[in-house]
Amino acid sequence: MSTHIQFSNRLMSHCLFISEIQLSIFHWIFVLDTSRQKHTAQATLAALARTCSAFHDTALDVLWQQFGTIARAIQSMPHDLWGGGKNRSSSLICLKLHRHLTKDDWSIFRRYALRIRQLSFAVQDVCCGQKLIVDIDDELLACLASMDPTQPLLPNLTSLEWIVYDEGDLRLIRRIMTKSLTSIFLEFWAISSLPTLQQFISSIASGCPSLRKLMVHSVAQASHLRYSVSQTLFHLHHLTTIHCGVLNAEVLDHLSRLPSLLDLKFVLQPNTEFQNEPLFKQLQVLNVHVQDITSAVDFVSRMRNRLTNLSIFSDNHTTASVLAQLFQCLSTSVSHYSLHRLKIIAERPPHDSFSVLKLEDLNPLLSFNRMTHVHLDVGCGISLDDVAALELAQAWPNIVQLILNKFLGTPLPSSMSPIGLLCFLKHCPDLLELTLEIDFSFIEEQDDQWHYWVGDATNYRLSVFDATYSKIHDATKVAAFLCGILPRTARVGYSWMHAIDDQEEYAGRWNEASRLFRRMKK
């Protein structure tokens, strides 16, 4: 029996020398630490690396894969190279070049650079529990980049996020680009040499053949980069995520046939003519910026997919009839069992042009019975009464967030009373955030402060209630009513503005109601 135990122990000890088993065990150290900063996991992995030579390389690999940054690699070199530390009164660490970089310095940096998997322009670190911003001097980065031009600065990098301000940043990025990259986020500001920038973007496909996520944002030169970005997309065949600017019909047709594409964010040009139907069968997340909702209607009507998340942003105001067309197209183009999140934002209409969405216009959306998040700031009124509230609540029992016209006041009085509000509280048990306009006159006319008629509609999960442009006259009664039905709600919001003369009266009343609401909960 003892011989068998000794053999098992010997076998187990040999297993612990296998790097794949070590990786699995050490990875669980990171997973099981549920704290935000993962201090225990970091300390444990560092201790393993120092304690046993057999664990050293694997423990460092896991530690640097999860927490490694270029700033920490720089700080691993001698202190007199990169300069001072953190100012006591500041949350900023500045790393500056104070002397020439030697081969010994480079060897130290290289040892850790091989393990870095992620590089971000928003470099952050944590010291003594405090989150710090790390500023790395351009000269120091340039010096590192010049040490060994025959190979990438960070050879095993998989994720890159960077803001490109000038040609110096472009030269640095070229040294960082590696075939192991699977995710790139680049934000371009005004660069004087436009051909250099276009050439760089065109080189992404050949330089990063394993790329899965490409996010390109240009602050000042979006129109000049369209062709380069489009050509790059044509040569990347395994993308899962694309966030970029304007895409024409030819590129969209190509992307619609990519079986790997799951997440797409782009700008749709008006009057885009499609040669084929862009079905996007595998797409799950779509975020599209349009000039007007009519363009979105045409695009959505051509799709046939199982979207889970759809966001549409329009530069112009729209009408209720066009929105009704969009909702109808959605009901035929997107699976009723897949869509969970819907967000539609449109500009405010001019004062002399105002239309209203009614329940019959929203009816096609009610078929999406697994909806969890709905946000409609649609540039026209949304007129719902208590019956409509009940139908929405019953159609979307899993709703978590419902926002209806948070930033649009309508000239029409609200048709929904507190009874409609109670319908959402009763039939939507997972509701965490609710934003809609309510007519509270029914509450203000009652002498009974206890509201026994409410019954079991009290909601213990709702954390945020926003009454938008609801008009009230008795702040005390409204606060008492809301306190009774929303015992766990942290705050009551509103959209009235104190600085605008015709809104100041209602803003003051809601400010008082919000203050009383917080006091009554204590």
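Preceding this paragraph is the structure being described.
Residues numbered from 1 in each chain as written. Predicted model: local features only at pLDDT ≥ 70, side-chain atom pairs only at ≥ 80, totals over all residues. Heavy atoms only, no water.

## Remarks on the overall build of the chain
Alright, step 1. Counting its secondary structure elements, the chain contains 21 helices and 19 strands.
Alright, step 2. Residues counted as buried form 48% of the 522 residues belonging to the chain.
Alright, step 3. Look at the contacts in the chain between residues 6 or more apart in sequence, and 71% of them connect residues 24 or more apart. (Helix = DSSP H or I, 4+ residues; strand = E, 2+ residues; numbered from the N terminus. Buried < 20%, exposed > 50% of the residue type's maximum accessible area, 1.4 Å probe, protein only. Contact = heavy atoms within 4.5 Å.)

## As for the pairing of strand 12 (residues 341-345)
Alright, step 1. Taking every second residue as pointing to the same face, the buried face of strand 12 carries L342 and I344, while none of R341, K343 and I345 on the other face is buried.
Alright, step 2. When strand 11 (residues 309-314) meets strand 12, the two strands line up parallel, connected through five bridges. Bridge assignment links I312 to a residue of strand 12, and that residue is I344.
Alright, step 3. Between the parallel pair strand 11 and strand 12, the chain is carried across by helix 15 (residues 320-333), and the sense of this crossover is right-handed.
Alright, step 4. Pairing geometry for strand 12 and strand 14 (residues 373-377), over five bridges, is parallel. Across the sheet, the residue bridging to I345 is D377, located in strand 14. (Pairing = 2+ DSSP bridges. Right-handed = clockwise from strand over helix to strand, strands pointing away.)

## A short note on the pattern of salt bridges
Alright, step 1. All told, the structure shown has 11 salt bridges when counted by the stated rule.
Alright, step 2. The closest approach of N and O atoms between D105 and R99, which form a salt bridge, is 2.8 Å.
Alright, step 3. Assessed through its relative accessible area of 3%, D105 is described here as buried.
Alright, step 4. The class for R99 is partly exposed, based on a relative accessible area of 25%.
Alright, step 5. Notably, a salt bridge pairs R461 with D430, separated by 3.2 Å at the nearest N-O pair. Pair noted here: R461 is in the loop between helix 19 (441-444) and strand 18 (464-466) and D430 is in the loop between helix 18 (418-427) and strand 17 (433-435), with a separation of 31 residues, a long-range link.
Alright, step 6. Residue D430 is classed as partly exposed on the basis of its relative accessible area of 28%. (Salt bridge = Lys/Arg side-chain N within 4 Å of Asp/Glu carboxyl O.)

## Side note on the nonpolar core
Alright, step 1. Ranked by internal contacts, the top residues of the largest apolar core, which has 159 residues, are F109, L264, F424, F465 and L482.
Alright, step 2. With residues up to four places along the chain from it excluded, the contact list for F465 reads L421, L434, L436, I438, F440, L482, L486, T489, R491, V492 and G493. (Core = buried A, V, L, I, M, F, W, Y, C linked by side-chain atoms within 4.5 Å.)

## A look at helix 7 (residues 103-113)
Alright, step 1. Looking only at helix 7, the buried set comprises D105, W106, F109, R110, Y112 and A113. Along the long axis of helix 7, the arc covered by the buried residues comes to 165°, so they all point the same way. In this structure, helix 7 carries K103 and D104 as exposed residues pointing more than 90 degrees from its buried face. (Arc of directions from axis to C-beta.)

## A few points about the packing of aromatic side chains
Alright, step 1. Under the defined criterion, the tally for this structure stands at 10 aromatic pairs.
Alright, step 2. When the centroid spacing of 4.9 Å and the interplanar angle of 25° are considered together, the rings of W496 and Y506 count as stacked. Of the two residues, W496 is situated in the loop between strand 19 (491-493) and helix 21 (501-520) and Y506 in helix 21; the sequence distance between them amounts to 10 residues. Each member of the pair, W496 as well as Y506, carries the same accessibility label: buried.
Alright, step 3. One aromatic cluster is present, formed by F266, F274, F280 and F299 through successive ring pairs. (Phe/Tyr/Trp six-rings, centres within 6.5 Å; stacked < 30°, edge-to-face > 60°.)

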